[in-house]
Amino acid sequence: MSARIYQRPKNAMQSGKALMDQWVLEFAPEEAKQPDPLMGWAGSGDMKQQIRLTFPTQVDAQAYADRYGIAAVVHATPPRRLKIQAYADNFR
């Protein structure tokens with residue numbers, strides 16, 4: 001059973017930064033998704049793909065994974081690059 005721990009990225013559709021400080025533990029898929037013969041929808045019998053646990057800090061997420069014997073890989077959050085620009089720069 002393996003998992004990944006990462007910090008939530010900013011939602012691309014909104015300018016808000018809510019829930020960005022949370023850390024998420026997601027389980028890796030154990031079996032591939034296959035199309036349903038009747039409807040054609042993709043699905044699998046792997047129930048752990050539906051579990052997403054949130055933690056306030058990375059240390060808490062790692063402690064949970066260690067406590068329950070989950071091999072977790074931490075994905076570091078890339079640094080944010082801000083392009084500081086004034087509105088007046090559009091007219092130069």
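Everything below is about the structure printed above this text.
Note that this is a predicted model, so its numbers are computed, not measured. (Residues numbered from 1 in each chain as written. Predicted model: local features only at pLDDT ≥ 70, side-chain atom pairs only at ≥ 80, totals over all residues. Heavy atoms only, no water.)

*Asks:* For this particular structure, what's the right way to read the pairing of strand β2 (residues 23-27)?
*Replies:* In the case of a regular strand, side chains alternate between the two sheet surfaces. In terms of burial, β2 is a largely internal element, five of the five residues being buried. Across the two faces of β2 the burial is the same, with Trp23, Leu25 and Phe27 and Val24 and Glu26 all buried. Of the strand pairs in this sheet, strand β1 (residues 2-7) and β2 are connected by five bridges, and their pairing is antiparallel. Along β2, the bridge assignment pairs Ile5 with Leu25. By the bridge criterion, four bridges tie β2 to strand β5 (residues 52-55) in an arrangement that is antiparallel. For Val24, the partnering residue across the bridge sits in β5 and is Thr54. (Buried < 20%, exposed > 50% of the residue type's maximum accessible area, 1.4 Å probe, protein only. Helix = DSSP H or I, 4+ residues; strand = E, 2+ residues; numbered from the N terminus. Pairing = 2+ DSSP bridges.)

*Asks:* Please explain the packing of aromatic side chains as it appears in this structure.
*Replies:* A ring pair, where both rings are aromatic, is described by two values, the distance of the centres and the angle of the planes. According to the stated counting rule, one finds three aromatic pairs in the structure shown. Ring plane angle 45 degrees and centroid distance 5.4 Å describe the contact between Phe55 and Tyr64, whose orientation is recorded as tilted. Judged by relative accessible area, which is 23%, Tyr64 ranks as partly exposed. Taken together, a centroid distance of 5.3 Å and an interplanar angle of 75 degrees make the contact between Tyr87 and Phe91 edge-to-face. Of the two residues, Tyr87 and Phe91, both sit in the exposed class. Grouped by ring-pair contacts, the aromatic residues Phe55, Tyr64 and Tyr68 constitute a single cluster. (Phe/Tyr/Trp six-rings, centres within 6.5 Å; stacked < 30°, edge-to-face > 60°.)

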